[in-house]
Amino acid sequence: MCGIVGGVAERSITNILIEGLKRLEYRGYDSAGVALVDQCQILRERRVGKVANLEQAVNESNIQGSLGIAHTRWATHGKPTENNAHPHISDTVAVVHNGIIENYQELKDDLEALGYVFTSQTDTEVVAHLIHDALKSTPDLLKAVTQIVPQLKGAYALGIVHTDHPNELIAVREGSPLVIGVGIGENFISSDQLALLPVTNRFIYLEEGDIVRLTRESIEIFVDDQLIDRPVKELDATVSNASKGEYKHYMLKEIYEQPEAIQQTISQALNGNALRDDFLQHAEVDFKNIQQVQIIACGTSYHAGMIAKYWFEQLIDLPCQVEIASEFRYRSPVIVGNTLYVCISQSGETADTLAALRDTQKRAKAKSLNITTMTICNVATSSMVRETNHHLLTLAGPEIGVASTKAFTTQLAALMLLILKIGQIKQTMPVEKIAEITAELWHIPKVILDTLQNDKEILRLSDLFKEKQHCLFLGRGTQFPIALEGALKLKEISYIHAEGYAAGELKHGPLALVDHDMPVVILAPQDDMLDKLKSNMEEVQARGGELFVFADENSGIKNKDRQHVVNVPTISSLLAPIVYSIPVQLLSYHVAVLRGTDVDQPRNLAKSVTVE
Ligand code: F6R
């Protein structure tokens, strides 16, 4: 989604802004722009396409300035054109904006009646004109912004500069993330701290409703016109752990980082083959009382939740529902007391998940219900982490590739840790079982390393996919969500139409699709369902379908004509979904590379979906 970078400094910040935009490229965008204030003038460049196009334009025009804002745009209102790219200008005011102004049409009509002429189709341009109009009655930029903010409906983050205020950057957070980077004699804003890592590791995370005035020397944060304090946090992340290293793509790097990421995630909770005493200690009282679990998530994170449902019910006899956040939030769900509501999210900022959480909290409060909320998240400073009672971090490190990989497998590891903890607290899982599962969890990084050894073989098979238009993924039990996840991965980065199915559903419809041209990917760990799955494979073969089987090395499934088998090391069926994620990720990655798509930034997609 859109990205904001801005700053006020002594030195020229042109290169800092462009570098910042490059570091936001992973979020997905279709155009980029920058505006600098220099000698009472706004100098602006905007380009459709990559930040590299903008960089070239900026180098040619050599615009410089010590106050500026920059933006990567992911089109919502109006096509990806230069005119629609941010920053938007109203004479002396320049604005960048993330999110959506829902009532922009009304505001636009009013502004047009006042004589303002619009040069773009965006919702953002109204903000620039509104501020310009407000400045007719006050010379104070902060006051003008504070005056117009109540007129804006929707979710937004704003960065604003003005030609007459060369040492002043105004920022607003209302529903879209924004962070302040605290420098020495210079200060910055961004929608993601990653953009600012080359200039600072000290950050202030803004809260909803914050309006900020930054100068070179000062940071003032206002809530309802009152000056307030927000803590400065020092971040551990370095510039290097957010770079590609020797890998061709972030996605490949992140696939290979999974053994380490899982090791990190489980290490925070385990001590030998037992749970650490301090693991989720503050949640113990709440966990004791819960009678059921409701998971809310989107996309890949939703697939992690689907697997957890099997685990919650099978392992600790706790009813668990899972729902896509965009459905949950709009269907007036009945909120039930003594329920643990779990948001799963890599970013912790996904608009639908966050809205579903807030709505649940509101409904529970209105009915005086006792619920517990929890986030499983990869970003410690995210809104979801801040707004839930408890959180469990996936320690995957920054995930830059739009297609989620290490975030997913660490979410699974974290969910299993949560289940062990609740089982222990509610005494629904014996100590021996906890020890058995923790021993298996410790073993997972090694099994993933061994599974990654199949990379070349999967690359070879990927060649057979590159001309295909469609593909089916089949699995049973906890491999059904992996089938969904495999299909999602393939479609989002290779643009091949793919569907995931529970293999038992084959006869109820999708079998009609199977013919000579339809590759069918099968997930076949060693579990109770293997024989049934083998029957499904026969059904596909009998209709001429070509099988690509990721199978347990002891499954007895062998290579034969139109049946390609990749052996996966033996793993308990319980944790098999973590391991079987790896071959489907590698398959999607290689097919996408062979088809020449933009693997890390697939078309039309964004990393952090901060608008509905
Ligand atoms: C797919 C993918 C998305 C995200 C979804 C939720 O590879 O990455 O489907 O899983 O947008 O995002 P988070 O987990 O940040 O809430």
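Residues numbered from 1 in each chain as written. Predicted model: local features only at pLDDT ≥ 70, side-chain atom pairs only at ≥ 80, totals over all residues. Heavy atoms only, no water.

Judged by side-chain charge, E106, D109, D110 and E112 come together as a negatively charged surface patch. Examined against the element boundaries, E112 turns out to sit in helix α3 (residues 104-113). (Patch = residues over 30% accessible without salt bridge, like charges linked within 9 Å, V, L, I, M, F, W, Y side chains within 5 Å. Areas by Shrake-Rupley, 256 points an atom, 1.4 Å probe, with all protein chains shown as cover. Salt bridge = Lys/Arg side-chain N within 4 Å of Asp/Glu carboxyl O. Lys, Arg positive; Asp, Glu negative; His and termini not counted. Charge placed at Lys NZ, Arg CZ, Asp CG, Glu CD. Helix = DSSP H or I, 4+ residues; strand = E, 2+ residues; numbered from the N terminus.)

A word on the UniProt feature "domain: SIS" (unreviewed entry) in the protein. Within this numbering scheme, the UniProt entry marks residues 283-428 and 461-602 as carrying the feature "domain: SIS" (unreviewed entry). Helix makes up 47% of residues 283-428 and strand makes up 19%, while its end C-alpha atoms are separated by 17 Å. Note that residues 461-602 is 36% helix and 22% strand, and that its end C-alpha atoms are spaced 22 Å apart. (UniProt positions renumbered as here; feature names shortened; annotations may be inferred.)

Below, the discussion takes up helix α4 (residues 125-134). Among the ten residues in α4, nine count as buried, and that is most of the element. Those residues of α4 that fall on the buried side of the exposure criterion are E125, V126, V127, A128, H129, L130, I131, H132 and A134. Buried residues along α4 sit in contact with β5 (88-90), β6 (93-101), α3, α5 (141-148) and β7 (154-162). (Buried < 20%, exposed > 50% of the residue type's maximum accessible area, 1.4 Å probe, protein only. Contact = heavy atoms within 4.5 Å.)

To continue, consider the site of the ligand. The immediate surroundings of the ligand are formed by 15 residues, with S301, S345, Q346, T350 and E492 found nearest. A distance of 2.9 Å is found between an oxygen atom of the ligand and a backbone nitrogen or oxygen belonging to S404. Interatomic distance of 3.0 Å between a side-chain N/O atom of K489 and an oxygen atom of the ligand. Taking 400 Å² as the accessible area of the ligand by itself, protein coverage stands at 91%. With respect to the detected pockets, the ligand is housed in the second largest pocket. The set of elements that each furnish at least two residues to the shell around the ligand consists of α9 (299-316) and α16 (479-494). Taken together, domain 2 (250-451) and domain 3 (455-595) each give at least three residues to the shell around the ligand, which thus spans both. (Near = heavy atom within 4 Å. Polar contact = N/O pair within 3.5 Å; in protein donor to acceptor, adjacent residues only side chain to side chain. 1 Å grid on protein atoms, 1.4 Å probe; cavity = no way out; pocket = protein on both sides within 12 Å on 5 of 7 lines; lining within 4 Å. Sits in = over half its atoms within 2 Å of the grid points. Domains from an automatic or database assignment.)

What follows deals with the UniProt feature "active site" (unreviewed entry) in the protein. The sites that UniProt annotates as "active site" (unreviewed entry) are C2 and K607. The largest pairwise C-alpha distance within this set of annotated residues, which runs over 606 residues, is 9.7 Å, so the set is compact in three dimensions. Within the annotated group just given, the residues that line the largest cavity are C2. By the secondary structure assignment, K607 is in the segment after α18 (576-595). The buried category is assigned to K607, whose relative accessible area is 11%. For K607, the contacting residues outside a window of four places in its chain are M1, Y26, R27, G28, Q346, E399, I400, G401, V402, A403 and S404.

In the structure shown here, the tally under the stated rule is three aromatic pairs. Note on F203 and Y205: the rings are 6.3 Å apart at their centroids and 40° apart in plane angle, and the pair reads as tilted. Assessed through its relative accessible area of 0%, F203 is described here as buried. A residue is classified by how much of its surface remains accessible, and Y205, at 11% relative accessible area, is buried. Taking 4.5 Å as the distance between ring centres and 55° as the angle between the ring planes, the aromatic pair formed by F465 and F548 counts as tilted. With F465 in the loop between α15 (455-462) and β23 (470-475) and F548 in strand β26 (residues 546-552), the pair connects residues that are 83 residues apart, well separated along the chain. Residue F465 is classed as buried on the basis of its relative accessible area, which comes to 1%. You can call F548 buried: its relative accessible area is 2%. Cation over ring: K108 sits above F118, and NZ or CZ is 5.0 Å from the ring centre. The ring centre of Y495 lies 3.8 Å from the NZ or CZ of R603, which sits over that ring. (Phe/Tyr/Trp six-rings, centres within 6.5 Å; stacked < 30°, edge-to-face > 60°. Lys NZ or Arg CZ within 6 Å of the ring centre and 35° of its normal.)

Moving on, we get to the layout of surface pockets. Of the voids in this model, the largest pocket is the one considered here, and its volume is about 970 Å³. In terms of lining residues, the largest pocket is bounded by 42 residues, among which Q193, N378, V379, A380 and P398 are the most central. Every element with two or more residues in the lining of the largest pocket is listed here: β15 (233-234) and α7 (258-267). Counting residues per element, the lining of the largest pocket draws most heavily on α7, which supplies three residues. Broken down by class, the residue content of the lining of the largest pocket amounts to 16 nonpolar, twelve polar and 14 charged. Both domains that furnish three or more residues to the lining of the largest pocket are identified here as domain 1 (3-239) and domain 2 (250-451). (Points joined across faces, edges and corners; volume = space filled by probe spheres on them. Nonpolar A, V, L, I, M, F, W, Y, C, P; charged D, E, K, R; others polar.)

Once that is clear, we can look at the pattern of salt bridges. Tallied over the entire structure, the rule returns 32 salt bridges. Across the salt bridge formed by D463 and K466, the nearest N and O atoms sit 2.7 Å from each other. Judged by its relative accessible area of 37%, D463 falls in the partly exposed class. Bridged by salt links that share partners, the residues R173, E208, R358 and E387 form one connected network.

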